[in-house]
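Spelled out from the first residue to the last, the chains are:
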Amino acid sequence: MQVRDLMNPSVVSITPSESASLAARLLSRHNVGSLPVCGEDGGLRGIVTDRDIILRCVAAEEDPAQVPVRDIMTRNCATVSPGDDCREATRLMAAQQVRRLPVTEGGKIVGIVSLGDLAKCQAFDMEAAKALSEISENI
């Protein structure tokens, strides 16, 4: 099974110049844990998570309204392509200690696949459980 079969193609993203407070509102409004950070050209620049906002902004006693996403996002994040095998996605999640991977094609975001997406598919429930175990033991 390929990533395209399980990924969510409806992706909410943010630009690097937007504020951490806007990122937090988008995360809340769309009930997601991360936002791909995309340039004006649509190219993936990084990813920002709820944890990034808390640890790199709020805990650092910065004003989320004044901190641009570019200052707290994770750059060079791991990605998969729509044609990649789902087993590769779970392996990459475990290796990178992440629960979500942006799905890119030609450098542009086309979806996002989560550990939850992979766990819903019975064909990959063991791989997803193993990835979660490896992620959780290092947190």
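For the structure itself, consult the block above.
Residues numbered from 1 in each chain as written. Predicted model: local features only at pLDDT ≥ 70, side-chain atom pairs only at ≥ 80, totals over all residues. Heavy atoms only, no water.

Brief notes about the pattern of salt bridges
Move 1: In the structure shown here, the tally under the stated rule is four salt bridges.
Move 2: Its salt-bridge partner being Asp52, residue Arg56 comes within 3.5 Å of it at the nearest N-O pair. With Arg56 and Asp52 both in helix H2 (residues 50–58), this residue pair falls four residues apart, about one helical turn.
Move 3: A relative accessible area of 41% means that Arg56 is categorised as partly exposed.
Move 4: We classify Asp52 as buried; its relative accessible area is 9%. (Salt bridge = Lys/Arg side-chain N within 4 Å of Asp/Glu carboxyl O. Helix = DSSP H or I, 4+ residues; strand = E, 2+ residues; numbered from the N terminus. Buried < 20%, exposed > 50% of the residue type's maximum accessible area, 1.4 Å probe, protein only.)

Re the nonpolar core
Buried together is how nonpolar side chains tend to be arranged in soluble globular proteins.
Move 1: Counting 15 residues, the largest nonpolar core has Ile14, Ala23, Leu35, Val48, Val69 and Ile72 as the members making the most contacts within it.
Move 2: Breaking this core down by element, the ones donating at least two residues are helix H1 (20–30), strand E1 (34–38) and H2.
Move 3: Setting aside its immediate chain neighbours within four residues, Ile72 contacts Ala20, Val48, Asp52, Ile53, Arg56, Cys57 and Val67.
Move 4: Counting 14 residues, the second-largest nonpolar core is a separate cluster that includes Leu6, Met7, Leu92 and Val113. (Core = buried A, V, L, I, M, F, W, Y, C linked by side-chain atoms within 4.5 Å. Contact = heavy atoms within 4.5 Å.)

Everything listed here is a matter of coordinates, which is why it stays silent on function.
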